[in-house]
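# Coordinate analysis (summary)
Listed here are the chains, written in short residue letters.
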Amino acid sequence: MRAPDDLPRRRSRRRSGGSGTRRRVILIVAAVMLFFLLTSLRGIAGLYTDYLWFDSLGQWGTRRTVLGAQFTLAMIFIVAFFLLAWSNLYVAERLAPPFRPAGPEDELLERYHDLVAGRMGRVRVGVAGLLALIAGSGASAEWNSWLLFTHSKNFGVDDPQFHRDVGFYVFKLPFLSFVVDWLFASLLIVLIITAVAHYLNGGIRVQSASPRVTSQVKAHLSVLLAVLALVKTADYWLQSMELTTSGRGVVDGATYTDVHAQLPALNLLMLISIAAACLFIGNIFRRGWALPVVAVGLWAFVALTVGGIYPQVVQKFSVEPNQLAKEEEYIHRNINATREAIGLSEVQTADFKPQTDAAAVDLTANAETIRNIRLWDPSSNISGKVFEQLQRIRDYYNINDIDVDRYMIDGQPTQVELGVRTVNSDRVPGESWENQHLAYTHGYGAVLAPSNASEGGEPNFLVRDVPVRTPGAALSVDQPQIYFGEDLSGYAMVNTGRREIDYQAEDETKSTVYKGDDGVKIDSMPRRLAFALRFWDPNPLISDYINGDSRVIYNRDVVDRVKALAPFLSSDADPYPVMLDGKVLWVIDMYTTTSRYPYAQSANTDDVLGSSGLHHKFNYVRNSVKATVDAYDGTVNFYVMDVDDPIIDAYRDAFPDLFQDQSDMPNGLDEHLRYPEDLFRVQTSTWERYHLTDPQAFFNQDDGWRVARDPGTSGEVKDTTPTTTDTSTTTGRATEDAITPYYQLLQLPGEESAEFVLMRPFVPFSEDDTRMQLRAFMAARMDPGHYGELMVYKLPSGDLPDGPGLVAGNIGATRDVSETETLLGGTGSTVLRGNLLLLPVGDTLLYVQPMYVQSENANRQIPRLEKVIAVLDDRVVIADTLQEALTQIFGERVATLENPGEPPADGTGEPTSPTEPGAGTPTGSAAEQAATLLADADALFKKADEALANGDLAGYQDNVDAGRAKMADAAELLGEPPATTTTSVPAEGSADGAPTTTTTAPSRPA
């Protein structure tokens, strides 16, 4: 009998620990997944609410196109890298030697093999997958290049070096360069991990007396090196194409050194890389690595000497001593390409010789210019402050910006300044969540004033107050609630249980209910949770005010709104409002740009505001799109302007539901479109050099121009930039900022009527800005029928008048001006000067500058228009009004529009001043003109009778005065004594109660 110890032991009935281990693994994995879910919850909510927002605008298809391009690219490149890495790791495993020679590193390798034994397939997939995610996911950032690549167009213009259509460089070259660069980097990574795999598998031995690399491994690595060499060949070819935007020479583009040194070097490197690939393949059948080493060494030597040193030697010792002779052909290419790419190829130029004799000016023919001379500087320091202080009305409103436009007032085109009241949630009463997001949800109304009219030193507001008061239907604001505007952040919830505050009347608070289409419904708990996470605010989730009809409005800043829908377009820095059909529409200029236009010069963006979408590198630009945002319901529309731009054509193919034709614009909107200031800044900065079309003149820059420097406006001290030499040594001189482009309604030289233009003057170029005579001025036209036309008026170079800087100096040196500034700038007051405007009036050049006075008390800083300065030639005058100043200049009474229209006396919106009769200038013979004037006078006297009957004494007197003036004009034409008019007002209680007007007119011609 066996001893108990000799008997076989029973197998334990307890369950093995395998299932427990699996359970722990599952719990750990679940915990990790829960952690990542919780930390990613806000991101998921952001994606979901983004979908809801795009869908609410009917533009989910646009967002889906972008996301689809990102996902497609990421998957393509992830899969490509995975297959590349996995296949090479698989080959490395298959080529592993059956027996590994003993060596010092055996212990480390044995540990590795023990660790991965039986798991090599999973290790291979894990390594390839991890590296693929890292290397491939970043490709999603190239979605824009991919969309342009797949929707490429032709420009119809060939580059002068390689004779390829410009579309190849703009649409195809960027994405091809990315693919080749990515492929080269990926192959290099795969080569490294493959070599490591061969080492771990024993195919490569670092410390072995036997062959350190097996023949199979050598063949594998040689093939990879050969593929790398071929990819580099493609890279060299693409680099040769990219020479068309090189910056090595005196101008951008493939210049002498690029064409005669760099391009041959790249061609030679292509041949060497192909030869190297052949040597790598040939090395499969040879012992050792002699051929690959020779190939790589020769390749490196040629790349260093021929590709790097030789072009620099050519540039330094051949080109620079003879730059004009060597570069003339390429300068000519650059001039043509730059003018085309920056939109300057069709600039119209005209000579303009200004007269100095004021008596020679036909004031009647230039009446529209004179009546619209701008006196209110739209800068934030002048009009911005005045509009804000006088028309903000409530502390929780903002008027962020003042824009210049033109409207028909009393039947005449009138330049105006316009602002919009938006809500400032940081200043709402109570500062509670309920007030900020449910009650005070919107701004209210617009503010409009003619740009040169004033009442007691303040703007003559025609659209004003809360509730809105307007002078009539032409400037009506039927939908004054402003939910979308400039610099408007945060969100609002509408159609909740809390009524929205519309505005505060004198004796009560008016409320409103939002009836617009915008806003995302939050009619379910998941949506409320999603928005609570998006805004990181629990109130949307727990508030009792929110119901099934509630909506959330966000992305309320108009620029952010259009950029979210079209991130591939660049936006202008200055959106502007338009009052149209009782609504307020925001207009945002959008641009297409590229830095790939062959031979075009990179745009000078130093003059562009930092907030502009054009503040980046580009050498081609088009204002291809005008975007509009409804200030009430947030509706966004993108209108493609009638420009020849293949880039916007490509985007229209990619996003067919996003864009509309210009003809789809609302009626009347084209009358308010503005030529964008940011684009004009770039174009005028470019025109400084590129008005010269002869390469020699361009190189010498003898007649180079510069945008006139700003002599200082609004009393501000201008920022200056120290001038430095090529060695970065400061010279001590400082250059002022360029003068800001300004909008003005005026009659251009040679034109028959006034129009809205954007202007900027030029002076002769000088390094230290000492030459300040006026050399030319550019005007951008923008009225219907002429939109986008650029006009340049050149002054005779032998007799240049004073430019803005010299005129500003003359103004400051004039005794009357300095004495007035001293008098007005007494204790407690500060004198400010507005924009110094250059205005062509007939054949003369007139400068006008307003002067304001404001209190030094920070709480009462409302600039008041006190004086107007006018300059013609060397004569400087200062007067209380523009009319008086121009009368002194031109020697006769000038009819200016000091008070166009009249602010409404009540909420009816009806003006009280005389209108229709005599609004136009009579034409024909003297007798015919006199007859017209007499008819106008009769009509005015009848209106005077009607006004008096209604108790409107002011209207009565205005019409009587106007009628008498017509009678006097008629008498002067006929050479007879003026008519006399007697009006008798009946005594109170008379029989008929009607006033009587008796007019003794001059005898009329038979």
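Residues numbered from 1 in each chain as written. Predicted model: local features only at pLDDT ≥ 70, side-chain atom pairs only at ≥ 80, totals over all residues. Heavy atoms only, no water.

### Observations regarding the overall build of the protein
Rules: Under the DSSP-based scheme used, a helix requires at least four consecutive residues in state H or I and a strand at least two consecutive residues in state E, with every element numbered from the N terminus. Think of it in three bands: with a 1.4 Å probe and only protein chains considered, a residue is buried below 20% of the maximum accessible area for its type, exposed above 50%, and partly exposed in between. Residues count as neighbours in contact if any of their non-hydrogen atoms are within 4.5 Å of one another. Accessible areas in this description were obtained via Shrake-Rupley with a 1.4 Å probe; residue shielding takes into account the shown protein chains only.
Scanning the protein from terminus to terminus reveals 24 helices and 35 strands. Each of the 1006 residues in the protein was classed as buried or not, and the buried ones make up 49%. Taking all contacts inside the protein whose residues are at least 6 apart in sequence as the whole, residues at least 24 apart take part in 68%. Carbon together with sulfur atoms contributes 52% to the accessible area of the protein, which is approximately 46600 Å² in total.

### Section: the pattern of salt bridges
Formally: Just to be clear on terms, a salt bridge is a Lys or Arg side-chain nitrogen sitting within 4 Å of an Asp or Glu carboxyl oxygen.
Taken as a whole and judged by the stated rule, the model has 35 salt bridges. R681 serves as the salt-bridge partner of D607, at 3.3 Å between the closest nitrogen and oxygen. Residue D607 is found in the loop between β18 (583–594) and β19 (620–630), and its partner R681 is found in helix α18 (residues 677–690); the two are separated by 74 residues along the sequence. For the pair formed by D607 and R681, the shared burial category is buried. Salt bridges here are not isolated pairs; linked through shared partners, they connect E388, R392, D395 and R427.

### Description of the sheet that holds strand β3 (residues 403–409)
Cut-off, in case you're wondering: Each pair of strands is called paired provided DSSP finds at least two bridges between the two strands. The axes are straight lines fitted to the C-alpha atoms, using for helices just the contacting stretch, and the angles between their N-to-C directions are given from 0 to 180°.
With respect to topology, three strands assemble into an open sheet ordered β3-β4-β7, the strand pairing being antiparallel. Among the strands making up the open sheet, the edge pair consists of β3 and β7 (446–450). The sheet shows a mean angle of 40° between the axes of neighbouring strands, direction not considered. Note that strand β4 (residues 412–420) and β7 share five bridges and pair antiparallel. When the sheet's bridge partners are listed, G419 is paired in β7 with V447.

### A closer look at the environment of A85
When you line up the elements, A85 lands in helix α2 (residues 60–94). Judged by relative accessible area, A85 falls into the buried class, the value being 0%. Expressed as a C-alpha distance, the spacing of A85 and G129, which sit 44 residues apart in the sequence, is 8.6 Å. Beyond its immediate chain neighbours, meaning those up to four positions away, A85 contacts A128, V190 and I193.

### Details of helix α8 (residues 256–282)
This is how the line gets drawn: By this rule the span expected of a helix is its residue count minus one, scaled by 1.5 Å. Note on bend: at a given residue it equals the angle between the axes fitted to the 7 residues ending there and to the 7 starting there.
Here α8 contains 27 residues, and its C-alpha end-to-end distance of 38 Å stays within 8% of the 39 Å for a straight helix at 1.5 Å per residue. Along α8, the helix axis deviates most sharply at Q262, where the bend reaches about 35°; the proline P264 sits within four residues downstream.

### Description of the side chain of Q391
Condition: The definition of a polar contact used here is a pair of N or O atoms within 3.5 Å, where within protein one atom must be able to donate a hydrogen and the other to accept one, and adjacent residues in sequence count solely through side-chain atom pairs.
Tracing the backbone shows Q391 in helix α12 (residues 383–391). Exposure remark for Q391: the relative accessible area of 5% places this residue in the buried category. There is a polar contact of 2.7 Å between the side chain of Q391 and the backbone nitrogen of D465. Apart from residues lying up to four places away in sequence, Q391 is in contact with V386, I399, R421, V447, F461, R464 and D465.

### Concerning the packing of aromatic side chains
Defined as follows: Any two of the Phe, Tyr and Trp rings considered here, Trp counted by its six-membered ring, make a pair once their centres fall within 6.5 Å; the pair's planes then place it as stacked at under 30 degrees, edge-to-face at over 60, or tilted in between. We call a charge positioned over a ring when the NZ of a Lys or the CZ of an Arg lies within 6 Å of the ring centre and within 35 degrees of the ring normal.
Taken as a whole, this structure holds 39 aromatic pairs when the rule is applied. Seen in terms of ring centroids, W86 and Y90 are 5.3 Å apart; in terms of plane orientation they differ by 10°. Their pairing is stacked. Highlighted residues: W86 and Y90, both in helix α2, separated by four residues, approximately one helical turn. Measuring from centroid to centroid gives 5.0 Å for Y444 and Y503, while their planes differ by 55°, and the two rings are tilted. A residue pair is termed long-range when its members are at least 10 positions apart, and Y444 in strand β6 (residues 443–444) and Y503 in strand β12 (residues 500–504) qualify at 59 residues. Connected via pairs of aromatic rings, a cluster forms that spans F77, F81, W146, F149, F175, F178 and W182. Positioned above the aromatic ring of F149, the side-chain terminus of K172 is 5.0 Å from the ring centre.

### Points about the nonpolar core
For the record, the criterion: To form a nonpolar core, buried Ala, Val, Leu, Ile, Met, Phe, Trp, Tyr and Cys residues must be joined to one another through side-chain atoms within 4.5 Å.
M579, F638 and F659 are the most contacted members of the largest nonpolar core, which totals 132 residues. Take this core: its biggest share by element is eleven residues, from α8. Those residues within four positions of M579 in sequence are excluded, and the remaining contacts are Y407, L418, A446, L448, V463, L475, S476, V477 and V584. By size, the runner-up hydrophobic cluster in this structure holds 55 residues, among which are A358, A779, M791 and Y852.

### Topic: the pairing of strand β13 (residues 509–512)
Note that β12 and β13 share four bridges and pair antiparallel. From the neighbouring strand, Q504 faces β13, where its bridge partner is T509.

### Quick word on empty space enclosed by the protein
Leftover empty space is mapped by rolling, across the atoms, a probe with the size of a water molecule. Definition in use: Buriedness of a pocket was judged along seven lines, with at least five required to meet protein on both sides within 12 Å; pockets are open sets of points on a 1 Å grid over the protein atoms alone, cavities are sets where a 1.4 Å probe fits but cannot get out, and lining residues have an atom within 4 Å of a point. Grid points are joined across faces, edges and corners, and a volume is the space filled by probe spheres set on the points. Any residue outside Ala, Val, Leu, Ile, Met, Phe, Trp, Tyr, Cys, Pro, Asp, Glu, Lys and Arg is labelled polar, Gly included; the first ten of those are nonpolar and the last four are charged.
Taken as a whole and assessed by the stated rule, the structure comprises one cavity of 30 Å³ or more. Considering only enclosed or pocket space, the largest cavity measures out at about 50 Å³ in volume. Lining the largest cavity, in full, are N400, D401, D403, G419, V420, T422, E486 and W586. For the lining of the largest cavity, the class distribution of residues is two nonpolar, three polar and three charged.

### Let's talk about unusual backbone geometry
Here V466 and P467 are connected by a cis peptide whose omega angle stands at 0°. Counting through the fold element by element, P467 comes out in the loop between β9 (458–459) and β10 (481–482). Here D465, not a glycine, exhibits a phi torsion of approximately 65°, which is positive. With respect to the helices and strands, the residue D465 is situated in the loop between β9 and β10. Among the residues examined, D465 registers a relative accessible area of 16% and is labelled buried. For D769, which is not glycine, the phi torsion reads 60° and is therefore positive. For D769, the position within the fold is in the loop between β26 (755–764) and β27 (776–781).

### Remarks on the pairing of β27
For β27, a buried count of six out of six residues is recorded, marking the element as mostly surrounded by other parts of the structure. Where burial is concerned, the two faces of β27 agree: the one with A776, M778 and A780 and the one with F777, A779 and R781 are both buried. As paired elements, β26 and β27 share six bridges and run antiparallel to each other. The residue bridging R760 from the neighbouring strand is M778, located in β27. By the bridge criterion, five bridges tie β27 to strand β28 (residues 790–794) in an arrangement that is antiparallel. Note that in β28 the partner of A780 across the bridge is L790.

### Considering the sheet that holds strand β14 (residues 520–521)
Read across the open sheet, the three strands follow the order β11-β15-β14; overall the sheet is antiparallel. Either end of the sheet is taken by a strand with one partner, and the two such strands are β11 (492–494) and β14. Inspection of the sheet shows β11 paired to strand β15 (residues 551–553) by three bridges, in the antiparallel sense. Bridging from a neighbouring strand, A492 pairs with I553 of β15.

### Description of helix α10 (residues 323–341)
At E329, α10 is bent by approximately 45°, the largest bend along its length. The inward-facing, buried residues of α10 contact α8, α9 (290–319), β19, α18 and α19 (695–700). Following α10 by one or two positions, G343 adopts a phi angle in the positive range, close to 80°.

### Digging into the packing of helix α6 (residues 166–201) against helix α7 (residues 215–242)
Note the cut-off: Should an angle fall under 35 degrees it is called roughly parallel, over 145 degrees roughly antiparallel, and 65 to 115 degrees roughly perpendicular, with every other angle called oblique. Crossings are sorted by hand: turned counterclockwise from the far helix by less than a right angle, the near helix makes the crossing left-handed, and turned clockwise it makes it right-handed.
Where α6 contacts α7, the two axes come as close as 10 Å, and the packing angle between them is 160°. On the basis of the axis angle, α6 is roughly antiparallel to α7. In this structure, α6 crosses over α7, and the sense of that crossing is left-handed. Its residues placed into classes, the contact of α6 with α7 shows 22 nonpolar, four polar and four charged.

### A closer look at the packing of α2 against α6
As a packed pair, α2 and α6 sit with axes 9 Å apart at the nearest point and diverge in direction by 25°. When the axis of α2 is compared with that of α6, the two are roughly parallel. Crossing hand, α2 versus α6: right-handed. Looking at side-chain class alone, the contact of α2 with α6 contains 17 nonpolar, five polar and one charged residues.

### A closer look at the confidence of the model for the protein
Basically, it comes down to this: Every residue is assigned a pLDDT by the predictor, reflecting its confidence on a scale from 0 to 100.
When pLDDT is averaged across the protein, the result is 85; 85% of the residues are at 70 or more. Note on residues 714–734: pLDDT under 50 across the span, and 37 contacts to partners over four residues away in sequence or across chains. Note on residues 977–1006: pLDDT under 50 across the span, and 45 contacts to partners over four residues away in sequence or across chains.

### Some details on the environment of S56
Checked against the element boundaries, S56 lands in helix α1 (residues 18–56). For the pair S56 and K521, spaced 465 residues apart in sequence, the C-alpha separation works out to 8.7 Å. The residues contacting S56, other than those within four sequence positions of it, are G519 and V520. Reaching out from S56, the side chain makes a polar contact with the backbone oxygen of W53 at a distance of 2.6 Å.

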